[in-house]
Amino acid sequence: MSDSNVVPVKILLVEDDSIDVKAFQRAMTKLKISNPVTIARDGVEAWEYLSECADAGGEDAPSLVILDINMPRMNGLELLTKIRADKRLHHLIVFVLTTSNDEKDKFEAFNLHVAGYMLKSDMGNSFIRAVELIDSYWRVVEFPDPSFRPERDAAMA
Amino acid sequence: MQLVLDPICKSFFELDWDQETPQDVLEQKIPAEDIQKYRNAIEVCKATGKFACEFRVKRSAGGYRHLSGRGHTIKQDARQFFIKGVFIDVTATKELEGRLKATQSRMQQLVDGIPGLFSYLDRDYRVWFMSSEYRNIFDRQAEELVGVHIRDLIGEEMFKERKPRYDQALAGEEVHSESNRSMPDGSMAYFSVTHKPFRDDSGEILGVLTLGIDITDRRIMEQHVEAKSEELARSNKDLEQFAYVASHDLKAPLRAIEVIIEWLREDLEDYQEGDVQENLDLLGQRTRRLSRLLEDLLAYSRAGRKIGDVKHIHLDEFVKDIATLIAPPEGMQIITREGAPCLTTHHAALETVLRNLISNAIKHHPEPESGHIEISCEDQGDSVMISIADDGDGIPSKYADKVFKMFQTLKPRDETEGSGMGLAIVQRIIDWQKGRIWFEDNPAGKGVVFKFTWNKTPQDMPTDEVAEGRGKAAGISEATLQVEQSEKQDPRPQATVPDIFSEDGFDQNDLQCIGHDTVVLEED
């Protein structure tokens with residue numbers, strides 16, 4: 001396990017059920033994980049937040065998105081489609097954490113290049129294993145430095 | 001005036017052959033009612049020269065002789081007036097006419113006695129005969145209708161519609177149809193109509209007989225039944241929606257409650273003050289119970305509604321498998337007696353019934369380690385009868401009906417942890433399969449025997465069909481639902497929870513809050 005990523009990555013949790021949000025946070029506390037977590041209540045809020053981050057240069061943008069599917073106004077897959085269509089945001093790592101066991105949803109999610117698809121019911125509401133997975137993920141996997149922007153540098157050149 | 005009568009004529013008047021016959025002598029023989037007619041005829045003859053009259057002549061033996069007289073003036077002057085003519089005794093004819101009229105009127109009476117519309121048309125579609133009922137429809141006396149073309153009575157359009165059927169009958173066929181007609185009072189009457197050819201002795205078809213029976217009552221009843229069926233189908237749909245509410249909308253907040261209780265337990269693990277730990281336990285228990293109740297309620301509403309697949313099963317093996325699946329406690333014996341027939345039936349439904357009954361026997365046994373349950377089957381022709389006998393405490397017969405009702409347990413909930421739904425579900429399934437279920441004392445001494453009949457022919461129930469109002473009997477349909485459109489655009493039934501939930505301390509008001517919306521719990 002590489003320790004080069006000492007700076008904990010920012011996580012964006014997109015979840016409308018407040019109990020599930022609490023459960024996620026409890027799991028993080030239990031596992032003594034202290035990544036900064038931003039919470040969006042649905043796809044629209046999440047998109048607004050992500051757009052703001054992108055507009056601001058992207059350095060404070062989250063690197064990991066935990067995405068619920070069934071949400072009001074804009075659901076998870078609709079949000080994901082927008083993310084993948086946006087040049088500034090399409091690189092985001094997305095994990096789906098949902099109640100939906102629908103094959104259609106799974107197919108669509110992987111079609112939109114999710115890093116993983118997890119069911120809430122598999123873990124009760126403790127989310128321990130999901131959080132463990134995410135924790136391992138960002139610790140093991142190498143993330144590019146947010147300040148590294150080849151197109152911007154090229155444009156500036 | 002003198003009339004010259006030949007001897008035969010004189011005999012009509014009962015006069016001697018040599019008697020003179022002046023006017024007044026003849027008039028004596030004529031009954032008072034007919035005299036004027038007679039005199040008028042003579043006056044007319046004086047004026048026109050022609051005499052024509054029909055009148056009666058008294059008979060000394062009683063009764064009358066009918067005479068028809070025809071004549072003409074042969075000589076007439078100021079003083080004398082001679083008529084020459086013929087008198088014909090038409091008594092016999094008159095009598096026949098009378099009898100004919102009597103017969104006709106008797107026939108009319110007879111036909112009027114038929115509870116229907118009876119008519120006879122000839123080959124030219126003219127009315128020869130119509131029962132008096134038609135008076136109500138055509139607003140004319142039955143006699144006035146004779147000779148009228150049917151078209152003039154029923155109108156061109158209806159005649160065009162009917163003509164093919166008349167023609168069919170005139171061709172020799174018996175034709176059946178149904179028709180309806182608005183009555184003069186505005187109401188609609190329905191008729192079952194039969195047209196039959198009418199033949200003479202040589203077999204030739206002279207006309208068509210039509211009989212229309214009023215089936216308005218029957219039709220109204222049919223419409224009523226149809227309306228009721230639709231109503232019941234709708235009520236069943238409501239029931240399904242109610243089950244949907246129970247499954248999705250009640251489960252979600254319930255799950256949240258269970259989760260939060262877990263968290264409280266974790267966070268308060270070391271807190272020993274007061275009743276906190278005990279209360280947390282009770283809280284957990286009650287929510288688990290609520291969860292099970294919900295599952296059972298769902299199972300109840302689905303029982304007898306799922307068509308499911310029909311499979312061929314060997315009853316012996318089937319029962320044995322179920323007994324094994326239940327995994328009875330150590331020491332409990334479950335014995336199945338051999339010799340049961342094979343069935344092709346809704347196996348999942350039968351399994352539910354057997355599983356419930358066997359579990360009950362186990363659950364209620366005071367000494368499970370030495371308990372004894374015996375299952376046997378009896379072939380009863382159209383159905384099989386299955387018995388489940390245990391040697392437990394038995395059930396007093398006064399609870400015969402109660403045990404099959406929803407949410408009924410015979411022991412306090414805390415002792416048995418049963419929702420009280422098992423037998424209600426079983427009852428519903430058995431009703432669906434048109435069987436019967438009951439219990440008796442175990443003849444072996446201790447315990448109870450549950451017996452039920454199961455139809456060998458699988459009974460299907462399409463989702464919209466009426467289940468004999470069982471839902472109503474069980475109290476579920478007392479829930480009234482109004483479907484509202486929410487912003488989410490999914491139908492969110494707003495249920496008025498029936499009284500059944502007022503058992504076991506569930507306050508109706510609390511549950512109405514839950515029925516309202518899950519938003520209550522999602523509020524931050």
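To be clear, the structure that these remarks concern was listed above.
The shown structure was predicted, so the numbers you read here are calculated from the model rather than taken from an experiment.

What counts, and where the lines are drawn
Residues numbered from 1 in each chain as written. Chains lettered and ligands numbered in written order. Predicted model: local features only at pLDDT ≥ 70, side-chain atom pairs only at ≥ 80, totals over all residues. Heavy atoms only, no water. Helix = DSSP H or I, 4+ residues; strand = E, 2+ residues; numbered from the N terminus. Buried < 20%, exposed > 50% of the residue type's maximum accessible area, 1.4 Å probe, protein only. Contact = heavy atoms within 4.5 Å. Areas by Shrake-Rupley, 256 points an atom, 1.4 Å probe, with all protein chains shown as cover. Axes fitted to C-alpha atoms, helices over the stretch in contact; angles between N-to-C directions. Parallel < 35°, antiparallel > 145°, perpendicular 65-115°, else oblique. Left-handed = near helix turned anticlockwise from the far one by under 90°. Nonpolar A, V, L, I, M, F, W, Y, C, P; charged D, E, K, R; others polar. Salt bridge = Lys/Arg side-chain N within 4 Å of Asp/Glu carboxyl O. Phe/Tyr/Trp six-rings, centres within 6.5 Å; stacked < 30°, edge-to-face > 60°. Lys NZ or Arg CZ within 6 Å of the ring centre and 35° of its normal.

### Thoughts on the overall build of chain B
Secondary structure summary: chain B contains 16 helices and 18 strands in total. Residues classed as buried in chain B amount to 41% of the 524 residues present. Taking the contacts inside chain B whose residues are at least 6 apart along the sequence as the reference set, 54% of them involve residues at least 24 apart. Of the roughly 30,400 Å² of accessible surface on chain B, 51% is carried by carbon and sulfur atoms.

### Side note on the overall build of chain A
The helix and strand inventory of chain A stands at six helices and six strands. Taken from N to C terminus, the helices and strands of chain A fall in the order β-α-β-α-β-α-β-α-β-β-α-α. The long-range fraction of contacts in chain A, counting pairs at least 24 apart against all pairs at least 6 apart in sequence, stands at 71%. Element-wise, carbon and sulfur atoms account for 54% of the exposed surface of chain A, whose accessible area totals about 8,400 Å².

### Observations regarding helix H13 (residues 422-432) of chain B
Residue and element names in this part refer to chain B. Counting buried residues along H13, 10 of its 11 residues qualify, which places the element largely inside the surrounding structure. Taken residue by residue, H13 has Gly422, Leu423, Ala424, Ile425, Val426, Gln427, Arg428, Ile429, Ile430 and Trp432 as its buried positions. Phi for Lys434, located one or two positions after H13, is positive at around 55 degrees.

### Quick look at the packing of helix H10 (residues 315-326) of chain B against helix H11 (residues 347-363) of chain B
Residues and elements named next belong to chain B. H11 packs onto H10 with a crossing angle of 50 degrees between their chain directions and a minimal axis gap of 10 Å. Classified by the angle between their axes, H10 and H11 sit oblique to one another. In the packing of H10 onto H11, the handedness of the crossing is right-handed. The segment H10 lies against H11, with Leu315, Phe318, Val319, Ile322 and Ile326 engaging His347, Leu350, Glu351, Leu354, Arg355, Ile358, Ser359 and Ile362. Among the residues making up the contact of H10 with H11, the classes are represented as nine nonpolar, two polar and two charged.

### Some points on the pattern of salt bridges
This structure, assessed with the given rule, holds 35 salt bridges over all chains. The closest approach of N and O atoms between Arg255 of chain B and Glu258 of chain B, which form a salt bridge, is 3.6 Å. Of this pair, Arg255 of chain B and Glu258 of chain B are both found in helix H8 (residues 216-267), three residues apart, which corresponds to roughly one turn of the helix. For Arg255 of chain B, a relative accessible area of 38% translates into the label partly exposed. When salt bridges with common partners are traced through the structure, they connect Glu15, Asp20, Asp68 and Lys120 of chain A into a single cluster.

### Considering the packing of aromatic side chains
Residue and element names in this part refer to chain B. Scanning all chains against the criterion turns up 14 aromatic pairs over all chains. Between Phe404 and Phe450, the aromatic rings sit 6.2 Å apart at their centres with planes inclined by 80 degrees, giving edge-to-face as the arrangement. Of this pair, Phe404 sits in the loop between strand S14 (383-390) and helix H12 (413-416) while Phe450 sits in strand S16 (residues 448-455), and the two are 46 residues apart along the sequence. A relative accessible area of 10% means that Phe404 is categorised as buried. What makes Phe450 buried here is its relative accessible area of 9%. Ring centres of Phe439 and Phe450 lie 5.4 Å apart, and the angle between their planes is 45 degrees; this geometry places the pair in the tilted category. Within this pair, whereas Phe439 is found in strand S15 (residues 437-441), its partner Phe450 is found in strand S16, the two being separated by 11 residues in sequence. Each member of the pair Phe439 and Phe450 is classed as buried. Put simply, the rings of Phe13, Tyr38, Phe51, Phe55 and Phe87 touch in pairs and so form one group of aromatic residues. Positioned above the aromatic ring of Tyr64 is the side chain of Arg56, whose terminal nitrogen or guanidinium carbon lies 4.6 Å from the ring centre.

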